[in-house]
Amino acid sequence: MNFGVLYVYANSSVWANNFQYLKIEIIEKINDFLGYKFVKDIQFTRLRKKKNR
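Let me sum up the structure you'll find in this document. Remember, it's a predicted structure, so these values are computed and weren't measured experimentally.

For the chain, the helix and strand inventory stands at two helices and two strands. Going from N to C terminus, the chain has its helices and strands arranged as β-α-α-β. The burial tally for the chain puts 19% of its 53 residues in the buried class. Long-range contacts, defined here as pairs at least 24 residues apart, represent 69% of the contacts in the chain between residues at least 6 apart. For the chain, the computed accessible surface area is about 4900 Å², with 55% contributed by carbon and sulfur atoms.

Here is the structure:
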């Protein structure tokens, strides 16, 4: 969470893309649960994998 933007990491780009369609609904549900406008936007991105050395 940074300046009203919630960052969500997904296992694959397919999941990140699917969540993009639900973004407005997810933001509304989170803010309704909290009782105020806490989340302004959600950024979905692919989960970063650790590099093996």
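So, on to unusual backbone geometry. We note that Phe3 has phi near 55°; this positive angle belongs to a residue other than glycine. Position of Phe3 relative to the elements: it lies in the segment before strand E1 (5-10). Judged by relative accessible area, Phe3 falls into the exposed class, the value being 77%.

Counting across every chain of the model gives three aromatic pairs. Of the aromatic side chains, those joined through ring pairs into one cluster are Trp15, Phe19 and Phe44.

Another aspect to go through is the pattern of salt bridges. In the structure shown here, the tally under the stated rule is two salt bridges. Close ionic contact of Asp41 with Lys23 constitutes a salt bridge, the shortest N to O distance being 3.0 Å. In this pair, Asp41 is assigned in strand E2 (residues 41-46) and Lys23 in helix H2 (residues 23-34), connecting sequence segments 18 residues apart. Residue class for Asp41 comes out partly exposed when judged on its relative accessible area of 23%. Assessed through its relative accessible area of 17%, Lys23 is described here as buried.

The next point concerns a nonpolar patch on the surface. A cluster of nonpolar residues, Met1, Phe33, Leu34, Tyr36 and Phe38, forms a patch on the protein surface that exposes about 570 Å² of accessible area. Locating Leu34 in the fold gives a position in helix H2. Leu34 sits in the partly exposed class, given a relative accessible area of 39%.

The rules behind these values
Residues numbered from 1 in each chain as written. Predicted model: local features only at pLDDT ≥ 70, side-chain atom pairs only at ≥ 80, totals over all residues. Heavy atoms only, no water. Helix = DSSP H or I, 4+ residues; strand = E, 2+ residues; numbered from the N terminus. Buried < 20%, exposed > 50% of the residue type's maximum accessible area, 1.4 Å probe, protein only. Contact = heavy atoms within 4.5 Å. Areas by Shrake-Rupley, 256 points an atom, 1.4 Å probe, with all protein chains shown as cover. Phe/Tyr/Trp six-rings, centres within 6.5 Å; stacked < 30°, edge-to-face > 60°. Salt bridge = Lys/Arg side-chain N within 4 Å of Asp/Glu carboxyl O. Patch = residues over 30% accessible without salt bridge, like charges linked within 9 Å, V, L, I, M, F, W, Y side chains within 5 Å.

Note that every value here comes from positions in space, so none of it alone points to a role or purpose.
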